[in-house]
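One-letter residues, chain by chain:
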Amino acid sequence: MRLPAAPGGNTAFTPGTWIKLPSNCSRSYSLTYQRCAAYGTVSFKACLDWVTSATKSCIGWATQAIQTCVQWASQTIQSCAQWAQQTSSHCCDWWPCSWLCDIIVTVISWVCAVVAIVVTVFCVLFAVVVIVVCVLFMVIVTVACAIWAVLVYIFCAIWSVISVIFCVSNADGGTAFLLTDGSIMMQERFSAFGQSVSVRRWWKLTPDGSGSYANGSWSRLADSNQDRLYFASAVLADGRVIVCGGEYSDASGSFSQDDTNTCEIYDPVANSWNTIPAPTSTANPSTTWAQVGDSPCAVLPDGTFLIASFTTTDVAKFDPTTNNWSALSARTVSSGSEESFVLMPDNTIASVSCNNPTQTIVYNIATDKWANSNSLPTDVTGQIPGAVNEIGPGLLRYDGTAFFVGGNQNTAVYNPGARVKWTNGPAIPSPDGGKTQLGTIDGPGAILPNGNILVGAGPLSNPGNFNPPDSYFEFDGAVFNPTSAPPNNDCATYLTRLLLLPNGDMFFAREDDSSFYAYHSDAAVPQDSFRPVIQTCPASFAPGDTIQVSGTQFNGLSQATAYGDDSQAATNYPLVRLTGANGGVRYCRTFNHNTAGPGGNTIASMGVATGALVVTTNAAIPRISPLATTI
């Protein structure tokens, strides 16, 4: 079974190390060419966008010039006419003088009109010439852009052959999940010339026969129906993966910041994605959410999936057994934008508001009520000019408290059993004696088997910016212990992902890099009292069987992996690992983790720190398994 982590409190801290994991290079010619050709497509589109914008500006300037000329001519003629009328009225009454004056006035009026007409014609001709030049420029540059794109495509056709031979076409990392068969499911991200490119590809890292992820292998999974970035997500009790929304997506046809409301579910058995409806609102009559974006979320103890709107006070719940959404009570404490939800053992969710800094929130799942708790003495959110403040990950520690890493250098602690429930924790240490403060303005955190929280923090020297490099710490419940950073830590925290693995290591990926690492700590050893306890298990089974295993603490003591609103990959579900006498290791796919509910009916079990509650999980024995096995 997967081991839950244990509390911290190390007296002598030993930093961990980073292990290089295999890259997921592709030997597919079509995929390699597709990745390379994206540079030509992106540059051609950027070129067209620039040419279109420049041409519009050029034509707009020429049109404005004509309007200015016509306006000037009209004003000139009008001024001449007014002058002529005024001058004529002042001419002498003596007939020869009057007659001569009228002639002079008339001539000058006509001269003014002719000059105005000539200037107007000149302006129009000049504007026409400018427009023609603009159009010709657009055509020439567009042709040049097209030639450049074609050259890129030709280069890619040749380069892809070389790339396939030497296997150098790799995928950048993205949001990752621990599937219930022990494999890592990871989204691919891709950018060209700094611009995100729509990709719907997903990958799986399967450990080798000894359970090693460092020697594991990548394989491609089915493409999702939409590409999305910064979205709500979770592994469900039946083993499926739900993804919902996206601050960025390709739902509109091209990858853009659209806060899409599209949702879908991945079935690892069928290796397929199925679209599901968007959440529904608390309005009467109920309406579909127009946007989901990067809404905060959590899997509830009964296996339902809760999501809070980032733009309104709406809250909704998805039932995986019926594939339907239902509206919950609206929040009374503003929207959930940028918040980190922490599932607590007492059937509540704790959170710190980013809309109203220092305000804290507790949601009672049983009564479906949101309520303010006491305010924090010091704000823990990072101030982003022109936007809602940001915060780092929130995690349930194994002493029953929730710990929130700040978007600034401050932290927060929630202790539901204390008189003053919310307090500030220790500040994240400064690397240079206070000159530079560190914080996690969006970013992951995860609990190691000894209970320490591994988290990265970046410089806050320019408030509102996402700054590199990341410094890494293990928080042991009292202090932040500086530890080693991955070799590719030259990035902002929001680009990174962490994921707790069954062997106690921590998977690391970043969405703009194709190098993956695992953080390993020899000191991260769990206490025996925190291990799951197996009560019932078949005495024998064969490859291909499905068995049931029951016991306590199968859901662990925390959801273990957190980020906040942009990526959720909680791992509070049981895994079954088979170990052969010859050292072989296989993971069984577990599903439908359940326990006895009210009235004796069976309900899903996705809680945390469930104590003596007996949980049963189904485990599908691989058709290729170790020769002799123990669980």
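Residues numbered from 1 in each chain as written. Predicted model: local features only at pLDDT ≥ 70, side-chain atom pairs only at ≥ 80, totals over all residues. Heavy atoms only, no water.

## Topic: the overall build of the protein chain
- If you tally the helices and strands in the protein chain, you get two helices and 41 strands.
- Relative to a compact globule of 631 residues, whose C-alpha radius of gyration would be 25 Å, the protein chain shows 33 Å and is clearly more extended.
- By its C-alpha atoms, the protein chain is 130 × 65 × 55 Å across when sized along the principal axes.
- Buried positions account for 52% of the 631 residues belonging to the protein chain.
- Counted over contacts in the protein chain with a minimum sequence separation of 6, partners at least 24 positions apart contribute 62%.
- Carbon and sulfur atoms provide 59% of the accessible area of the protein chain, an area that totals close to 26,100 Å². (Helix = DSSP H or I, 4+ residues; strand = E, 2+ residues; numbered from the N terminus. Rg over C-alpha atoms; globule rule 2.2 N^0.38 Å. Buried < 20%, exposed > 50% of the residue type's maximum accessible area, 1.4 Å probe, protein only. Contact = heavy atoms within 4.5 Å. Areas by Shrake-Rupley, 256 points an atom, 1.4 Å probe, with all protein chains shown as cover.)

## As for the environment of Ile165
- Topologically, Ile165 is positioned in helix 2 (residues 95-166).
- Assessed through its relative accessible area of 54%, Ile165 is described here as exposed.

## Some remarks on the layout of surface pockets
- Counted as a void, the largest pocket has a volume near 540 Å³.
- Lining the largest pocket are 25 residues, with Tyr230, Glu247, Tyr248, Tyr494 and Asp566 sitting closest to its centre.
- Its residues placed into classes, the lining of the largest pocket shows eleven nonpolar, four polar and ten charged. (1 Å grid on protein atoms, 1.4 Å probe; cavity = no way out; pocket = protein on both sides within 12 Å on 5 of 7 lines; lining within 4 Å. Points joined across faces, edges and corners; volume = space filled by probe spheres on them. Nonpolar A, V, L, I, M, F, W, Y, C, P; charged D, E, K, R; others polar.)

## Details of the sheet that holds strand 10 (residues 241-244)
- Strand order across the open sheet formed by four strands is 9-10-12-13, with antiparallel pairing between neighbours. The sheet is open, and its two edges are formed by strand 9 (232-235) and strand 13 (272-276), each paired on a single side. Within this sheet the neighbouring strands show an average axis-to-axis angle of 15°, counted without direction.
- As paired elements, strand 10 and strand 12 (residues 263-267) share four bridges and run antiparallel to each other. (Pairing = 2+ DSSP bridges. Axes fitted to C-alpha atoms, helices over the stretch in contact; angles between N-to-C directions.)

## Considering the nonpolar core
- With 53 residues, the main nonpolar core has Phe177, Met185, Phe305, Ile307, Trp325 and Phe507 as its most contacted residues.
- Tallying contributions element by element places strand 10 first for this core, with four residues.
- Core analysis: the next-biggest nonpolar cluster, separate from the first, contains 30 residues, Cys354, Ile365, Trp370 and Tyr414 among them. (Core = buried A, V, L, I, M, F, W, Y, C linked by side-chain atoms within 4.5 Å.)

## Concerning the state of the cysteines
- Counting across every chain of the model gives five disulfides.
- Paired through a disulfide, Cys58 and Cys134 show a sulfur-sulfur distance of 1.4 Å. Of this pair, Cys58 sits in helix 1 (residues 29-89) while Cys134 sits in helix 2; the two residues are 76 residues apart in sequence, bridging distant segments of the chain.
- Looking at Cys58, the relative accessible area reads 21%, which means it is partly exposed.
- We classify Cys134 as buried; its relative accessible area is 5%.
- Note on cysteine connectivity: Cys244 is disulfide-linked to Cys263, with sulfurs 2.0 Å apart. Taken as a pair, Cys244 in strand 10 and Cys263 in strand 12 lie far apart in primary sequence, 19 residues in all.
- As a non-bridged cysteine, Cys297 has Cys244 as the owner of its nearest cysteine sulfur, 8.5 Å distant.
- Taking the relative accessible area as the measure of exposure, Cys297 reaches 7% and is therefore buried.
- Take Cys354: it sits in no disulfide, and the sulfur closest to it among the cysteines is that of Cys297, at 15 Å.
- Residue classification places Cys354 among the buried positions, given a relative accessible area of 2%. (Disulfide = S-S within 2.5 Å.)

## Looking at the sheet that holds strand 31 (residues 496-500)
- On the basis of which strands lie adjacent, the open sheet formed by four strands has the order 1-33-32-31 and antiparallel pairing. Looking at the sheet topology across the chains shown, the edges are occupied by strand 1 (17-21) and strand 31. The mean inter-strand angle of the sheet, taken between neighbouring strand axes irrespective of direction, is 30°.

## Section: the side chain of Asn488
- Its place among the elements puts Asn488 in the loop between strand 30 (480-483) and strand 31.
- Those residues within four positions of Asn488 in sequence are excluded, and the remaining contacts are Phe508, Arg510, Asp513, Ser515 and Tyr517.

## Describing the pattern of salt bridges
- Inspection of every chain in the model, using the stated rule, returns 14 salt bridges.
- Taken together, the shared-partner salt bridges in this structure form one network comprising Arg35, Glu188 and Arg201. (Salt bridge = Lys/Arg side-chain N within 4 Å of Asp/Glu carboxyl O.)

## Quick word on empty space enclosed by the protein
- Summed over all chains, the structure comprises four cavities of 30 Å³ or more.
- Within this model, the largest cavity holds a volume of roughly 210 Å³.
- Sorting the residues of the lining of the largest cavity by element identifies strand 9, strand 14 (297-299), strand 18 (342-343), strand 22 (394-396) and strand 36 (561-562) as the ones contributing at least two each.
- Residues that form the lining of the largest cavity fall into these classes: 15 nonpolar, nine polar and no charged.
- Of the voids in this model, the second largest cavity is the one considered here, and its volume is about 60 Å³.
- What lines the second largest cavity is simply Ala176, Pro444, Arg497, Leu498, Thr561, Ala562, Tyr563, Ser567, Gln568 and Ala569.
- Secondary structure elements with two or more residues in the lining of the second largest cavity: strand 31 and strand 36.
- When the residues that make up the lining of the second largest cavity are grouped by side-chain class, the tally is six nonpolar, three polar and one charged.

## Topic: the confidence of the model for the protein chain
- Across the protein chain, the average pLDDT comes to 90, with 93% of residues at 70 or higher.
- For the stretch residues 1-10, pLDDT sits under 50, and the model shows 59 contacts to residues farther than four places along the chain or on other chains. (pLDDT = per-residue confidence, 0-100.)

## A word on the packing of aromatic side chains
- Inspection of the entire model under this criterion finds 29 aromatic pairs.
- Ring centres of Tyr248 and Phe255 lie 6.2 Å apart, and the angle between their planes is 10°; this geometry places the pair in the stacked category.
- Look at Tyr248 and you get partly exposed, because its relative accessible area is 25%.
- The exposure class of Phe255 is buried, given its relative accessible area of 17%.
- These aromatic residues form a ring-pair network of at least three members: Tyr230, Tyr248, Phe255, Phe466 and Tyr494.
- Across from the ring centre of Tyr517, 5.6 Å away, lies the NZ or CZ of Lys20, which sits over that ring. (Phe/Tyr/Trp six-rings, centres within 6.5 Å; stacked < 30°, edge-to-face > 60°. Lys NZ or Arg CZ within 6 Å of the ring centre and 35° of its normal.)

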